[in-house]
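Architecture and fold: a report
Residues per chain, in single letters:
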Amino acid sequence: MTTAFFTHPDCDLHIEPPGNPEQVARLHAVTAALSGMDLLRRDADLGRAEDILRCHSARHIDMLRAAIPSQGWVGLTGDTYLAPGSFDAALRGVGGACGAVDLVLSGGAANAFVATRPPGHHAEREIAMGFCLFGTIAIAAKYALDHHGLSRVAIVDFDVHHGNGTQSLLWDEPRVVFASSHEMPQYPGTGAASEKGAHGQIHNLPLSAGCTGAEMRAAYEAQLFPAIDAFAPDLILISAGFDAHHADPLGGLRWDEDDFAWLTHRICDLADRHCAGRVVSALEGGYDLDALAASTAAHVAVLKERGNDR
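Anyway, here's the lowdown on the structure attached to this text. Please read all numbers here as calculations on a predicted model, not as lab measurements.

What follows covers the overall build of the protein. A tally of helices and strands in the protein yields 9 helices and 10 strands. By the compact-globule yardstick of 19 Å for 310 residues, the protein fits well, its C-alpha radius of gyration being 17 Å. In terms of overall dimensions, the protein has C-alpha extents of about 50 × 45 × 40 Å along its principal axes. Among the 310 residues that make up the protein, the fraction classed as buried is 59%. Considering only contacts within the protein whose residues lie at least 6 apart along the sequence, 77% involve residues at least 24 apart. Counting only carbon and sulfur atoms, one obtains 51% of the accessible surface of the protein, whose full area is about 10,700 Å². Each charge class in the protein was averaged separately, 22 positive and 39 negative side chains, and the resulting centres sit 6 Å apart.

Set out below in structure tokens:
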């Protein structure tokens, strides 16, 4: 068994204005960091409207498509922009995540990493925000449940920013546990521990600026991992944001590559216990290029090691 790697050149066509942290160079840094690894490489398909509609409205899809400019870029919010290639780039994110779910659940790979952009975990049902257009990981979870007939899916989100979109899209979905660690206070201002979801299935772990890797590990062991263990998921999805790294300009946490490797090992431990090691991870944030590259390589190296053990 091996680790699959999904990406697509279309994601380079989502071009942000100068100075916006969510730049094409991010994906180049990730793909360069993984270039020497023996991975099962796959092009991300275009996501299908029927899958996007599991989480978003037709009005949201139509709004994004209609807002695409013929040249340059147009701003949707203060931090989220569209360029001529942005719609297809976002579709590749959805298609890559759903394709990775297909491959892992069919036994074609032990686990998978999806490197596409724009990211997804801030997008709400009819709101594009925080660089995000579609709620990619939430769509993948609903796809695994409704298309593949799974009963329980867990999502772990370790991005420095709370995945408000994932939480909102899955607020009333009892078949998904959403477990998120994030700096607080931080953008977007959600993610309090009191936000539990309609069925108590949301577990938020707010962390203070300056939180070290050792403090993070203790908090995960005490709070998030027991919740996932008790849920016994059929599949684990990861919103893999690497902006909790101490070098990242948008966050204030103090983690390093070893911390991301440790998190990946522990998530794989849970997957081994409950769902035959099945893990699909999708890139979210990470804005210092060197830290992003090193952290992604550490994350995927663990996925590959654990996949090879199966």
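That shown, we press on.
Here the focus is the layout of surface pockets. The calculated volume of the largest pocket comes to roughly 160 Å³. Every residue lining the largest pocket is counted, 16 residues in all, and those nearest its centre are H122, F131, H161, Y187 and L250. Of the residues belonging to the lining of the largest pocket, the class tally is 6 nonpolar, 6 polar and 4 charged.

This part takes up empty space enclosed by the protein. One pass over the full model with this rule turns up 2 cavities of 30 Å³ or more. Taken as a whole, the largest cavity spans an internal volume of roughly 50 Å³. As for the largest cavity, its lining consists of G93, V114, T116, P118, P119, G120, T136, A282, L283 and E284. Across the lining of the largest cavity, the residue classes break down as 5 nonpolar, 4 polar and 1 charged. The computed volume of the second largest cavity comes to approximately 40 Å³. In terms of lining residues, the second largest cavity is bounded by A110, N111, C268, D272, G277, R306, G307 and R310. Broken down by secondary-structure element, the contributors of at least two residues to the lining of the second largest cavity are helix 8 (257-274) and helix 9 (289-308).

Turning next to the pairing of strand 5 (residues 111-114). Because side chains alternate across strand 5, one face comprises the buried residues N111 and F113, and the other comprises A112 and V114, equally buried. Bridge analysis of strand 1 (residues 3-7) against strand 5 gives 4 bridges, and the strand direction is parallel. Its bridge partner lying in strand 5, F5 is registered against F113. As judged from the 4 bridges shared by strand 5 and strand 10 (residues 279-283), these two strands associate in the parallel manner. Note on strand 10: the bridge partner recorded for A112 is V280.

Under the defined criterion, the tally for this structure stands at 9 aromatic pairs. Where F87 meets F134, the ring centres are 6.0 Å apart and the plane angle is 75°; that geometry is what we call edge-to-face. Here F134 lies in the loop between strand 5 and helix 5 (136-146) and F87 lies in helix 4 (residues 86-106), a separation of 47 residues in the sequence. For F134, a relative accessible area of 1% corresponds to the buried category. An aromatic cluster is present here, built from F158, F242, W255 and F260 joined pairwise through their rings.

So, how was this worked out
Residue numbers restart at each chain and count upward from 1, following the sequence in its written direction. Local features in this predicted model are restricted to residues of pLDDT 70 or higher, and side-chain atom pairs are both shown and tallied only at a pLDDT of 80 or more, whereas totals for entire chains, interfaces and linings draw on every residue. To obtain the side-chain values, all non-hydrogen atoms of the structure were included, while hydrogens and water were left out. Helix numbering and strand numbering both begin at the N terminus, where a helix is a DSSP run of H or I of at least 4 residues and a strand a DSSP run of E of at least 2. As a reference, a globule follows 2.2 Å times the number of residues to the power 0.38, and the radius of gyration itself is taken over C-alpha atoms. Residue burial is assigned from relative accessible area. The probe radius is 1.4 Å, only protein chains are included, and a residue is buried under 20% of its type maximum, exposed over 50%, and partly exposed in between. Contacts: residue pairs with any heavy atoms within 4.5 Å of one another. The method behind every accessible area is Shrake-Rupley, applied with a 1.4 Å probe, and residues are considered shielded solely by the protein chains displayed. Counted as positive: Lys and Arg. Counted as negative: Asp and Glu, with His and the chain ends omitted from the count. Positions of charges follow a simple convention, taking NZ of Lys, CZ of Arg, CG of Asp or CD of Glu. Put plainly, a pocket is an open set of points on a 1 Å grid over the protein atoms alone with protein on both sides within 12 Å along at least five of seven lines, a cavity is a set where a 1.4 Å probe fits but cannot get out, and a lining residue has an atom within 4 Å of a point. Grid points are joined across faces, edges and corners, and a volume is the space filled by probe spheres set on the points. Under this grouping Gly is polar, as are all residues other than the nonpolar Ala, Val, Leu, Ile, Met, Phe, Trp, Tyr, Cys and Pro and the charged Asp, Glu, Lys and Arg. Whether two strands pair depends on DSSP finding at least two bridges between them. Under the pairing criterion, centres of Phe, Tyr and Trp rings, with the six-membered ring standing for Trp, must be within 6.5 Å; the plane angle then separates stacked pairs below 30 degrees from edge-to-face pairs above 60, leaving the rest tilted.

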